[in-house]
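If you want the building blocks of each chain, they are given just below.
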Amino acid sequence: MDFAVALASASQALTIVKQLREIEKGVSEGELKSAMADLYGKVAELRMALTDAREEIHEKDKQIKALKDQIAAHTSGHACPICGEGRMKVIASTKDPVFGRVAGVQLRTLKCDKCGHSEQHQHDPQAN
């Protein structure tokens, strides 16, 4: 069931409650019991619809979290050129043997957090 069904069930239950309030005292016991049975049925439908809606929201929340995690993974660090799934993380940083003393350039070793591939990149901290 979806939200529309839950809202329809709630609306029907409220209509029955309003009808019960408007019932005259001279109404037969059978009519009252019938109206109460309808009300209980609509409340049960509403509970089921709300439970289904809660589960659907929970599933959507899980999907949103998974998508956010994927976005975060793709925006933090460089993608691994080998597996394409992992992120390249800096595991070591030293002065570049050629440009380190003169320009302060660093030589960083990066390693994929999925497949273990590693490579080196030059990094200029003054360029940031």
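Model, not experiment: these values are computed from the prediction.

Caption draft 1: Region of the structure containing the nonpolar core. In this structure, Ala-13, Ile-16, Leu-20, Ala-35 and Leu-39 together form the largest nonpolar core, which totals five residues. For this core, the secondary structure elements donating two or more residues are helix H1 (3–22) and helix H2 (29–75). Take this core: its biggest share by element is three residues, from H1. In this structure Leu-20 touches Leu-32, Ala-35, Met-36 and Leu-39, once residues within four positions along its chain are discounted.

Caption draft 2: Examining the pattern of salt bridges more closely. Enumeration according to the criterion identifies two salt bridges in this entry. Residue Lys-42 pairs with Glu-45 through a salt bridge whose shortest N-O separation is 3.8 Å. Remark: Glu-45 and Lys-42 occur in helix H2; sequence separation between them is three residues, near one turn of the helix. By relative accessible area, Glu-45 is classed as partly exposed at 32%. For Lys-62, the salt bridge goes to Glu-59, with nearest N and O atoms at 3.5 Å. Taken together, the residues span about one helical turn, with Lys-62 and Glu-59 both in helix H2 at a distance of three residues. Its relative accessible area of 46% is what places Lys-62 among the partly exposed residues.

Thresholds, definitions, all that
- Residues numbered from 1 in each chain as written.
- Predicted model: local features only at pLDDT ≥ 70, side-chain atom pairs only at ≥ 80, totals over all residues.
- Heavy atoms only, no water.
- Core = buried A, V, L, I, M, F, W, Y, C linked by side-chain atoms within 4.5 Å.
- Buried < 20%, exposed > 50% of the residue type's maximum accessible area, 1.4 Å probe, protein only.
- Helix = DSSP H or I, 4+ residues; strand = E, 2+ residues; numbered from the N terminus.
- Contact = heavy atoms within 4.5 Å.
- Salt bridge = Lys/Arg side-chain N within 4 Å of Asp/Glu carboxyl O.

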